[in-house]
Amino acid sequence: TTTLCSKNTTITLSPVEEDAEFQYFAFANNTNGVKGSNSTVGSATTNDSVPSDAPGNLIAVTIGYTIISIGWESVDFLKLNGRLTGYIIQHNMTGGSNATAVYQPGAKQRSTIAGLRFGTRYDIHVAAVSTGGSGPFSAALMVETLRDIPNQPVLTNQTNTTAIQITINLTVTLYYPDKYCVTFTRLSVSKVTDMPTVDTTLCSDKTTITLSPVEEDAEYACYAIASNTNGDQSPRSAVRTAITKASSPSVAPGNLSLTTVGVRFINISWEAMDYLQLNGRLSGYSIRYRETGQSAFSTMFLPGKRCSASINGISFGTTYGVQVAAVSTGGEGPYTPVLRVTTGQDIPDIDMMTNRVNTTAIQTTIVRGSSDYFPHLHCVTLSRLSVSQVLDVPPVNTTICGKNTTITFHPVEEDAQFNCYGIINNTIGGSGQVFYAGFVTTEAAPPSAVPGNLSVNAIGVGVIQASWDAIDYLLLNGELKGYNIKYGIVGSAFINNVYQGGVRRRSIISGLAFGTKYKIQVAAVSTGGNGSFTAARMATTKQAIPGKPILSISVTATSVQIGLSLAITHFFLDKYCVTFTRITVSNMPDSTPISTTVCSNSTNITLSPVEEDAEYRYFGFVNNTDGMTGPVSIGSATTQSTKPSASPTRLTVSAITTTGITLTWQDLNRTDWNGAFIAFVVDCQDLTDGTFFKNISTVNTYVHVSPLKPDRKYQFWVAFRGMVGQGPSSTIVASTREVACANDTTTNLQGTFHWPLAFSGDTVIVKCPAYGNSTATFATRNCTVSPTEAKGAWSEPHTTDCAYESDITRQLQTVSSTINGTIDGEAATNVLAKVSNLTHNASALSHVDLNYTSSILGIVADSVATFSRNETEAIVSTAFETLNRILGVDKDKIDKESGRRSSMALQTLLRDSKNADLQNSGRNLAMLKSCQPGYGGENVTVRIDAEGIVNISKERDSSIGHNSIDQPHVFFRVSEEVFRRAMPSNSTFNDDGKPCSVISGYIVFTSGLFFDDDSLGSEWHLGSDVFNALIGSSEIDHLKQKVEGTYRVNTNRTAGQTAHFQCVFWDYSDNGGRWSTNGCTLIKQTEDDMVTCLCDHLTNFAILVSYRDDDIDSPLALSLVTFIGCGVSILSLGASIATILSIRNLRQKRHFQLMTGLSVSLLLLLVMFLAGMERRLPSQRLCYAAAFILHYLFLSVFAWSSSIATLLYIQLVKVYGGITPRMMKVLVILPLVLPLVGVVITASVSSLSAYTTDKTCWMNNLKSFIIAVYTPMAVALIYNFAILTAIVRALQSRGAYKMTKKGTGDKHTIRIVLLLSCLLGLTWTFSVFVVLFKSLALQYVFTVLNTFQGFFIFVFHIIRSDEARKVWSRSLSSLRVSKTSSSSLSRPVELEMESGTANTRRMLKKSNSGSSSKGLQEVQDDPSSWTFNPVFQETDPDDSALEVRVSSDAGAFTGGFLNMAFIHRNMHIPVEET
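Criteria and cut-off values
- Residues numbered from 1 in each chain as written.
- Predicted model: local features only at pLDDT ≥ 70, side-chain atom pairs only at ≥ 80, totals over all residues.
- Heavy atoms only, no water.
- Axes fitted to C-alpha atoms, helices over the stretch in contact; angles between N-to-C directions.
- Helix = DSSP H or I, 4+ residues; strand = E, 2+ residues; numbered from the N terminus.
- Parallel < 35°, antiparallel > 145°, perpendicular 65-115°, else oblique.
- Left-handed = near helix turned anticlockwise from the far one by under 90°.
- Contact = heavy atoms within 4.5 Å.
- Nonpolar A, V, L, I, M, F, W, Y, C, P; charged D, E, K, R; others polar.
- Disulfide = S-S within 2.5 Å.
- Buried < 20%, exposed > 50% of the residue type's maximum accessible area, 1.4 Å probe, protein only.
- Phe/Tyr/Trp six-rings, centres within 6.5 Å; stacked < 30°, edge-to-face > 60°.
- Lys NZ or Arg CZ within 6 Å of the ring centre and 35° of its normal.
- Pairing = 2+ DSSP bridges.
- Expected span 1.5 Å × (residues − 1).
- Salt bridge = Lys/Arg side-chain N within 4 Å of Asp/Glu carboxyl O.

Q: Go over the packing of helix H5 (residues 869-886) against helix H6 (residues 896-912), please, and point to the residues and values.
A: Two elements in contact, H5 and H6, have axes separated by 10 Å at closest approach and are oriented at 155°. By the angle class used here, H5 and H6 are roughly antiparallel. Every pair of crossing elements has a handedness; the one defined by H5 and H6 is left-handed. Residues Ile 875, Val 876, Ala 879 and Leu 883 of H5 pack against Ser 902, Leu 906 and Leu 909 of H6. When its residues are assigned to classes, the contact of H5 with H6 shows six nonpolar, one polar and no charged.

Rendered as structure tokens:
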């Protein structure tokens, strides 16, 4: 800081530093020395000058080919003369005038110069720049940029015979080229072997370098290197091979030789050329050839050094000229002189020979083959073998040769046979093989005579046979070929000519008109032609037997008219005939058959008069004019009838009741029926109100008419109804009796009243029972008629004037009537106190008293939530004492509803009371309520002390004592989950008056009086105390951590009995309450009858006990039988299914198709039973699925059996009409759909838990089981049994067993029943006997019959069929199935009957092996040898005729509904005609 003062206003500070910044301010002093104020502060900067020195120590470094990096030292600070702002860098090529300057701001002392030229020298200067300007430049620094190394050259070359020219291709970048050098290395020379390699290097500044002279056909390897002006060399180029050119060979190959091979090949060979004469490397040989006389050559090239070749594809027998020349890398040399050779010819061959003949000459033409030859001569040889007219003629050979291919032999014999041979010679003397042309026969003249002794005869309908003698051999003039037969109707021209080849001298002419006279002639035909015809002979054809007529029927009451329809073909009609046989007359049961034959020229034949309602068999046939009778058509008809002509007689009343009348009468005489009997018709009229009851039908001569009204008069009419209508009636009048009310006893609050017998309209008066001090009065009751039934009905007794039975009852009724609806705490306390006093002597109470008591307790319990804590404590205590006394009364004094109300009232009082700590004990009842402080589980025990008082307590120890003294009556363990899920109570308080979070309450009933389950029957009964658990204020169910209860069971079993237990709970929702096992599982039982259960909900728990005799249970043996039977049946059913599917005949039969469905369902049922019935499955869902599938399969088995039963009914009972494809589809679809519907309905109605038990995946609900399983099974079994009964009755009624030996009919019936029972599932009926009688023997029978059902099906219905036996006998050689034991029980009932048309094919089977030729007459003579086998064959739908087939094979399955006895008895015609 410097201060300057002056009197002047301008003050100067000097000297000052350059480029220095100053701050200044001024002030003034007056003469008095007083200083004035400072001025504002100002600033100023001094100027500066340019630097006075240049940067020092300049250095430079080349980077790459176009970049220079430079650096320097800074100028001394004092020489900058100001602040440094930057540097100027200037560069120019050395010797150049143009310089480039670049300003670089800042103090950085280095820089980079880019964009320079490679390989160039530059001068570089640097100057400092300050705030005063630019200073002097530094001395020049010379720097040269780098040059690049040349890149790798790429070569191309051109050659001739004397030089190699190499062209170098190179991209010149970042360097200056100097020269190019090429090195030539001679590798080989074709003409000189073992020549050493020679290297030659040539350099030039040109890119093209030539090496000359060089050897011909020499191989060189070349590479090049480029250099720049710095002497740097490029990488060596890739080696390139160059081969110099060569000149063509100078001489031709020597020692040329030619040979022919075959007819179209020439082999050529020559000597190899001298190596020096090739003038290059050998490339191959050129071969040219041409036919003699031609100018153009054909040329082929043979590459390589091989000195032989073949020319093929040339002409045979031709001279060729051949030349050869060598070909080297220099070209083709001179050819050898022409050498000639001639090709050969093939051996001649003949393709075919043709012959032309007449009676005197044979002309043969040879067709040459396609071989390569020139023909010279054609030769043919004829060898005469025979002459037809000359016997034993010697053979003669003749040969003719010529240039032409056609050769003629003349003369030759007529009708002579020759062998013909041919051969050809070529021009070089070669002969071909002999060609055999076959037989040649010369022509002959026609026969000169006619056949002799022509005879003709008619041998059938439109058929005539002709025969004749042969012509003399010499007169045939040739060989006999056959005969011409000419025929026609006498009186007309011959219109038909038939040729018959061969020497046979008879002929059958068919297709002629029946009954017509024909003329016939015959002529011989030889190799020479047709001879003359014989004289005509005559014959008349026969007629056909008339056909089987088609019959139509028209009947009246007095006549039977038959219409015969027949196509008249091949015969002349004579007459129509019908034989009528009267079989039965409805009103003449003992009438004998009568036959009548009626013939006419008309097609309608009438039999009149006839009996009414008579059955006739008729047989129609037709005769022709030759007296021949056609086959018989059979039919039956029943004549019409008129109304009955009389009324029933002796109509009487045999019995009368209040609601019905029984009538009896006597039948009409048979002659008055006028037709078949239908029924008796009874009409009835109420004469009081005119009401009619009409058309009461009965087949008996008595009837009971009901319901009728009591004490009414009725009129009855009885008439006989026949086929046509109803006859006259008989009538009678009768009256019904009065109705009565039977003796009756009633009991109510006023006592017991006895009502005597009375009639409708009476009023009965009885005395009231006298109770207490009441005055005895009277009670009344009316006897009326029931509005729904015709009987007496008592009205309600009128007992209001009578006194009550007891004063307690009256008082309880009064209390009950005063508390309807809600009640407050004070009133409830008073009411219960009064009830407690009234019921103090419980043994004196009636059931009415107990009903009133339970009703009052229920009303109080419903309102307990509104009472105060002090009120509820007294109310609960009083109610407890009252119920404890009531539990000691007799069982018959309390009904189910009273018990339900009482138990529920006590539970409600315990749950809804506001007291958290309650404990009451008694002889019949105990309860405990406490506040649960946390959410842990707790253990509760129930013990009875020495005085018989029941106590409930909570235990810390969770174990149970193992001796009878320590064991409680009930030990109950509550899981933690129960308290976590329990709803807290906001109205319950502990003794301290604090709200309780969760309450736990327990009740024990030592008596089951309040839990009466009438559905248990006599088998099960209550065996333990009833324990009730109440946790929280809402229901708790579906627990994962189940509650556990252990109960002491009071067993009273005797010796030889076993106790069975069930864990149950009381289900209030089921019909007012019943014991149920849902959600409860028995897990343990001890020898001292301690039973432990797990349950997934809270309610009243107990143990049910049942005592069974030890001999009823045999689980191990029964299980063993079950597993064995199921296993055998599974294998048998699998074999049955495989057998049916593998045999087409079985697969197409309808009952086998249904049997397949039954077998599949039964197989799956047995598999699921073994695999999924017991609870071995890992999850509950799988158990549900297994139960559903078992249910479906069980119903499906019975559905399939019912389908089979329906099919059998249609085939064996209904028979006519048959089963249609649509019906068959229904029989298949229903067993698949109906069980599914049943399962779906059951699953939707029942809960899932109903489908499982603790040990099995099956229904646990008895009611569900009865409805969903047992009912469908029972319906199916009843239906199947009805079908089986109908089948047996149908077989018996149709006479199916009439021809059997004595006593075998019943055996066959039993056999059918037994064999069809396994198929229809009737063996399951034994389940009823097992349940009813509980016998071990019946259990074994039931188990064996049903587990082996699949085995029985396989043995009785599969393996014993013919087709199955054949398949199994081939597959199992060890199995020998007897085919002869047809009467054995093991013979199958093969139900193979299918309905077709109206007539059904029937079959019989002979029981012993007899001759197959034994006729039906023999069968009729020995009927005892025939037996019926109920096996039915499918019917051909197109077969409308009746067919009876007899099989002599005792093992063949035949039979049917129609046997010989049935035909003989019902048709009354000879067996032969049948």
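Q: Which residues make up the state of the cysteines, and what are the values?
A: Summed over all chains, the structure comprises seven disulfides. A disulfide bridge connects Cys 379 with Cys 401, and the sulfur atoms are separated by 1.9 Å. Residues Cys 379 and Cys 401 are joined through a disulfide that is right-handed, its torsion about the S-S bond being 115°. Here Cys 379, found in strand E28 (residues 375-387), pairs with Cys 401, found in strand E29 (residues 396-402); they are 22 residues apart in sequence, far enough to count as distant. The class of Cys 401 is partly exposed, set by a relative accessible area of 44%.

Q: Please give an account of the packing of aromatic side chains that cites residues and values.
A: The final tally for this structure, using the stated rule, is 30 aromatic pairs. Here Phe 1005 and Phe 1010 contribute two aromatic rings whose centre-to-centre distance is 6.2 Å and whose plane-to-plane angle is 70°, an arrangement assigned as edge-to-face. The same class applies to Phe 1005 and to Phe 1010, which are both buried. Ring centres of Phe 1351 and Phe 1352 lie 6.1 Å apart, and the angle between their planes is 55°; this geometry places the pair in the tilted category. For Phe 1351, a relative accessible area of 33% gives the class partly exposed. A cation sits over an aromatic face here: Lys 35 above Phe 27, 4.1 Å from the ring centre. Directly above the aromatic system of Tyr 223 lies the positively charged group of Arg 236, at a separation of 4.3 Å from the ring centroid.

Q: An account of the sheet that holds strand E31 (residues 416-426) is requested, with residue identities and associated values reported.
A: Reading across the sheet, the four strands line up as E29-E28-E31-E32 and stay open at both edges, with antiparallel pairing between neighbours. If you trace the sheet from one side to the other, it starts and ends with E29 and strand E32 (435-441), each paired once. The average angle at which neighbouring strand axes cross in this sheet is 20°, direction not considered. Inspection of the sheet shows E31 paired to E32 by six bridges, in the antiparallel sense. Among the inter-strand pairings, Cys 420 is bridged to a residue of E32, identified as Gly 438.

Q: So, helix H2 (residues 807-818): which residues are in play, and what are the values?
A: Across its 12 residues, H2 extends 17 Å between first and last C-alpha, which sits within 8% of the 16 Å expected from 1.5 Å per residue. Buried residues in H2 make contact with helix H3 (825-838) and helix H4 (847-862).

Q: A description of the pattern of salt bridges should follow, citing residues and the corresponding values.
A: Tallied over the full model, the rule gives 20 salt bridges. Residue Asp 53 is joined to Lys 79 by a salt bridge in which the shortest nitrogen-to-oxygen separation is 3.7 Å. With Asp 53 in the loop between strand E2 (42-45) and strand E3 (56-63) and Lys 79 in helix H1 (residues 77-80), this pair connects stretches of sequence that are 26 residues apart. Put simply, Glu 897 and Arg 900 hold a salt bridge, and the shortest N to O gap is 2.6 Å. Residue Glu 897 and its partner Arg 900 are located together in helix H6, separated by three residues, close to a single helical turn. Here the residues in one salt-bridge network are Asp 686, Asp 689, Lys 709 and Arg 712, joined through shared partners.

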